[in-house]
Every structure is written in structure tokens, then in C-alpha cells.
Amino acid sequence: MSAVPLQLDLALAGLGLSIAEEVQARILAYLDLIARWNQVYNLTAIREADKALTHHVLDSLAVLPHLVGGRVADVGSGAGLPGIPLALARPDWQVTLIESNHKKSTFLRQVLAELGISNASVATDRVEEMRPAGRFDLVISRAFSDLPEFARLAGHLVAPGGVLAAMKGLYPDEELALLPANWRVEQVVPLQVPGLAAARHLVLAKAA
């Protein structure tokens, strides 16, 4: 076993996640696809396999214990983060990857096809223009915008009783203070990502 699969296995245990070996293999295959496409398209700035594992996959999966899924939208999905790791780890969720950039959305469709991810789909749309047939139980973003802008542009996608979830670095005091009055912060969860020596927080908000 090479270092990266071993690192993934140990890190998942550290996050308290039990993910089948077959799913772990697909997660690693996803990282390989990112690395291959990065040679042509600028999907992410990270090129090293071990850093991609910690900064992308483990960072995405660290939020999993704090989320309730069902119908999930990943806003500004980019290379599929956090949506693809979440879809792989939770096959009972239905994940929509929203990405307006055509090259990135082409990559996302290729990932779904190559890895056989049947519980995810891609929407090549600007989030503020989306009017889906049904709204989402969870609307999440990792690097889309600041919190007030995220709520303004994507808030209409959240179903009644659903959650708007924003993945952040340092505790976002200023962004929280500017959150529109029609949103109420339920919790700000500090996260520990194995191998990532940086502050990470998950903001969970509901319609007020």
C-alpha cells in the first residue's frame, strides 16, 4: 500500500468516519483525475498528491458528521469540492454540483461517468439564476463567496427547514455580523482536518 491510501485510511479513522475500501479507492481515483486534468486545465492550485488529499478530500469530508443530507447542492463546485467526496461517502444523498464554468463542469461530468457516481449530477448554471423543480435540504459551499453573498445568491435554493452551510477558514466574525436578517446562524463548528495545520470552521444557518 502506498503512502497516500494509507494516509487516507488513517485520516478517515481520525475523523470518525467509516468508509468502505471500495469507496476509498474511488476517492483516490478522483484525486488521480484531478491531477491528470490539472495538466491541461487549471482546476486547483494544488499539485502534490498528499496535499490534494488533505486540502481537498479530507477538508471536504471533515464536515460530514455535522450535516444532514438528502437533496444537496454544492454551490461553485469547481473541481467537485466538497460535493464529490460527499456523494461518494453518502450514496444515499442526491448531490447537485453547481458550476458555471464550462471547462470545470465538463470535468465534473467526466468524473461522474468514469467513477460511476450515480447519485450526483452537474448543473452548468449561475446559482442565482437556478430555479430547480425542487429545493434542497442542504446548500453548501467551500470557496464560493463570503457568507452574506452566499446567502443572497443561493438562499432561494434552500428548502423550508433546510440548511445553508459555508465552509470557512478562520472564525468569520465580520461575515457573520453582515449576514442578512432573514438568516439565523444555528452553529459555527470548529473543524480539525487531519494533516491540515490551519483553522477551519463550518457555518450552519437557517432561514429566520
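Let me sum up the structure you'll find in this document.

How each quantity is defined
Residues numbered from 1 in each chain as written. Predicted model: local features only at pLDDT ≥ 70, side-chain atom pairs only at ≥ 80, totals over all residues. Heavy atoms only, no water. Pairing = 2+ DSSP bridges. Helix = DSSP H or I, 4+ residues; strand = E, 2+ residues; numbered from the N terminus. Axes fitted to C-alpha atoms, helices over the stretch in contact; angles between N-to-C directions. Contact = heavy atoms within 4.5 Å. Buried < 20%, exposed > 50% of the residue type's maximum accessible area, 1.4 Å probe, protein only. Right-handed = clockwise from strand over helix to strand, strands pointing away.

1. Some points on the sheet that holds strand β6 (residues 183-191)
Here seven strands make up an open sheet; going across it, the order is β3-β2-β1-β4-β5-β7-β6 and the pairing mixed. Whereas interior strands pair on both sides, the edge strands pair on one side only; in this sheet they are β3 (120-123) and β6. Ignoring strand direction, the axes of neighbouring strands in this sheet form an average angle of 20°. The sheet contact formed by β6 and strand β7 (residues 200-207) spans eight bridges and is antiparallel. Of the residues in β7, the one forming a bridge with Val 188 is Val 203. Of the strands in this sheet, β2 (94-98) and β3 are in contact with helix α5 (residues 102-115), which crosses β3 at around 165°.

2. A word on the pairing of strand β1 (residues 71-75)
Within β1, four of the five residues are buried, which leaves it mostly tucked inside the rest of the structure. The sheet contact formed by β1 and β2 spans five bridges and is parallel. Across the sheet, residue Val 72 finds its bridge partner in β2, namely Val 95. Tracing the backbone out of β1, into helix α4 (residues 83-89) and back to the parallel element β2 gives a crossover that is right-handed. Across four bridges, β1 lies against strand β4 (residues 136-141) in parallel orientation. Bridge pairing links Val 75 to Ser 141 in β4.

3. Section: the side chain of Ser 77
The residue Ser 77 is located in the loop between β1 and α4 in this model. On the accessibility criterion, Ser 77 (3% relative accessible area) is buried. Among residues more than four places away in sequence, those in contact with Ser 77 are Leu 97, Ile 98, Glu 99 and Leu 108.

4. Quick look at the environment of Pro 194
Structurally, Pro 194 is set in the loop between β6 and β7. Distance in space between the C-alpha atoms of Pro 194 and Leu 10 is 8.9 Å, their sequence separation being 184 residues. Not counting residues within four places of it along the chain, the set of residues in contact with Pro 194 comprises Ala 11, Leu 15, Thr 54 and Leu 58.

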